[in-house]
Amino acid sequence: MEISLAAEKLFDFQGIEVTNSLLSGVIIVALVSLFAVIFSFRIKMESPSSLQLFLEMIIDGLKGVSIDIIGKKRAQRLFSFVFTFFVFIVLSNWFGLLPIVGPIVRDHPHYEESHEEIGYEEGGHGEEYGDSAKDEHGEGSEENHADEEHAEDPTVMNCIADRDCILSVNGIEKKEAFPVFRAPTSDVSGTLALSLVGVFSIHYLGFTVLRGGYLKKFFNFSDPIAAFVGILELISEIGKLVSFTFRLFGNIFAGEVLLLVITSISFGLATIPFLLLEVFVGFIQAFVFFMLLLVFISLAVQSHDH
Amino acid sequence: MEVEAAKSIAMAIAIAVGAIGPGIGIGMLGSSALQAIGRNPEAEGKIRTSMILAIAFAEAIAIYALVVALIIKFV
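What you see is a predicted model, and the numbers here were worked out from it, not measured in a lab.

With respect to the overall build of chain A
(1) Moving on: Regarding its fold elements, chain A presents 10 helices and 6 strands.
(2) Moving on: If you sum the accessible surface of chain A, you get close to 17200 Å²; carbon and sulfur atoms cover 67% of it.

Examining the nonpolar core
(1) Moving on: One finds A:Phe86, A:Phe289, A:Phe290 and A:Leu293 to be the most contacted residues of the largest nonpolar core, which totals 38 residues.
(2) Moving on: Going through the elements one at a time, helix H2 (50–70), helix H3 (72–95), helix H8 (188–210), helix H9 (224–265) and helix H10 (272–300) of chain A together with helix H3 (44–74) of chain B are the ones with two or more residues in this core.
(3) Moving on: Ranked by the residues each element gives to this core, the list is headed by H10(A), at 14 residues.
(4) Moving on: When sequence neighbours within four positions are dropped, the list of residues in contact with A:Leu293 reads A:Val82, A:Phe85, A:Gly198, A:Ile202 and A:Phe244.
(5) Moving on: In terms of nonpolar packing, the next biggest core, distinct from the first, is built from 8 residues, A:Phe253, A:Val257, B:Val67 and B:Leu70 among them.

Structural notes on the pairing of strand S2 (residues 16–19) of chain A
(1) Moving on: Bridge count between strand S1 (residues 9–13) of chain A and S2(A): 4 bridges; the pairing is antiparallel. Within the sheet, the bridge partner assigned to A:Phe11 lies in S2(A) and is A:Val18.

Topic: empty space enclosed by the protein
Residues and elements named next belong to chain A.
(1) Moving on: As enumerated under the stated definition, the model contains 1 cavity of 30 Å³ or more in all.
(2) Moving on: Looking at the largest cavity, the residues that line it are Asn93, Gly96, Leu97, Ala183, Ile252, Gly255, Glu256, Leu259 and Glu278.
(3) Moving on: Examining the composition of the lining of the largest cavity, we find that 4 residues originate from one element, H9, more than from any other.
(4) Moving on: For the lining of the largest cavity, the class distribution of residues is 4 nonpolar, 3 polar and 2 charged.

Brief notes about the environment of B:Ile20
(1) Moving on: On the secondary structure map, B:Ile20 appears in helix H2 (residues 20–39).
(2) Moving on: Along the primary structure B:Ile20 and B:Pro41 are separated by 21 residues, whereas in three dimensions their C-alpha atoms are 31 Å apart.

Re helix H1 (residues 20–40) of chain A
Residues and elements named next belong to chain A.
(1) Moving on: The end-to-end C-alpha distance of H1 is 30 Å, a good match for the 30 Å that 21 residues give at a rise of 1.5 Å each.
(2) Moving on: Here H1 has its buried residues at Asn20, Ser21, Ser24, Gly25, Ile28 and Phe39. Each buried residue of H1 sits inside an arc of 135° when the element is viewed along its axis, so together they form one side.

Calculation notes
- Residues numbered from 1 in each chain as written.
- Chains lettered and ligands numbered in written order.
- Predicted model: local features only at pLDDT ≥ 70, side-chain atom pairs only at ≥ 80, totals over all residues.
- Heavy atoms only, no water.
- Helix = DSSP H or I, 4+ residues; strand = E, 2+ residues; numbered from the N terminus.
- Areas by Shrake-Rupley, 256 points an atom, 1.4 Å probe, with all protein chains shown as cover.
- Core = buried A, V, L, I, M, F, W, Y, C linked by side-chain atoms within 4.5 Å.
- Buried < 20%, exposed > 50% of the residue type's maximum accessible area, 1.4 Å probe, protein only.
- Contact = heavy atoms within 4.5 Å.
- Pairing = 2+ DSSP bridges.
- 1 Å grid on protein atoms, 1.4 Å probe; cavity = no way out; pocket = protein on both sides within 12 Å on 5 of 7 lines; lining within 4 Å.
- Points joined across faces, edges and corners; volume = space filled by probe spheres on them.
- Nonpolar A, V, L, I, M, F, W, Y, C, P; charged D, E, K, R; others polar.
- Expected span 1.5 Å × (residues − 1).
- Arc of directions from axis to C-beta.

Written out as structure tokens, the structure is:
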């Protein structure tokens, strides 16, 4: 049972490492955009379809919550932007529960380059061949000089640098095959990206509405207490970044680990309660991100007089 | 002591101690929210929303501890 904190690289695209979570994120965005464009032509006022009613229910519910929190005028302007975060996060969280995420695996790309004599193909065979490859390398310790030659081989160094192989006492050991799809929010890169955009938008909207007055929240030298509060506000901006990132990452990644452990120690229907728990947690975390971003933006655009 | 054994013990201690504070905090949040609802049943929606927000903040601390535990074991 191999759990990897970092997302695994699938291939390089013009200098960008495309990982399994990046691929899944792109797929989610493409599907949602396609759905939104197609569905926008089918909105009817007279006799709406049940899908339209369901989506309206979600949007109205969340908009009601945001009006409760930040007032009607601000909700009118901010809701669509923050709702986009909610849609992407909830779909990413639930994406990790789909049956395509675990079983479709492939082997680490660099391992194939550095060990061509073991010719196995990608796909579902990865795990079976993985065991036989380990057996072969158990005997590789007798061929020490061959390993030393390999150790200076640039493809082997790439393999180790990209975390595809491990240099151990048995020689170059391959890591187990990894899944091709992975929830984007179960990767620190994905949640860091979301929180960077969110926190940047807080400051951007603060500047847009308040112009120079926004800086007065952080750098207020009228009296020492206000200056100290300003410094604390700066520190809490870092805290927002960290907390947005790790709350979402921790919940979703720990959920994946939990499902992996439960699946490996039990079988069949016993995993159903945990899948339902993950559905619930995914929704709650998206909702929390939505509400926190809404509250922080509304605090940032609020002038001191209120 | 072997590295693997130390890692397992460290991971267990990290998450066990890290869950104490948020557990107490979430319990206190829930109890005060319930008291507030009991006193003023009309404001249930607003109270529930604020409670969920505050619980998410408290739970984030437990999640930090969990992430550290996972990093100890698997990295």
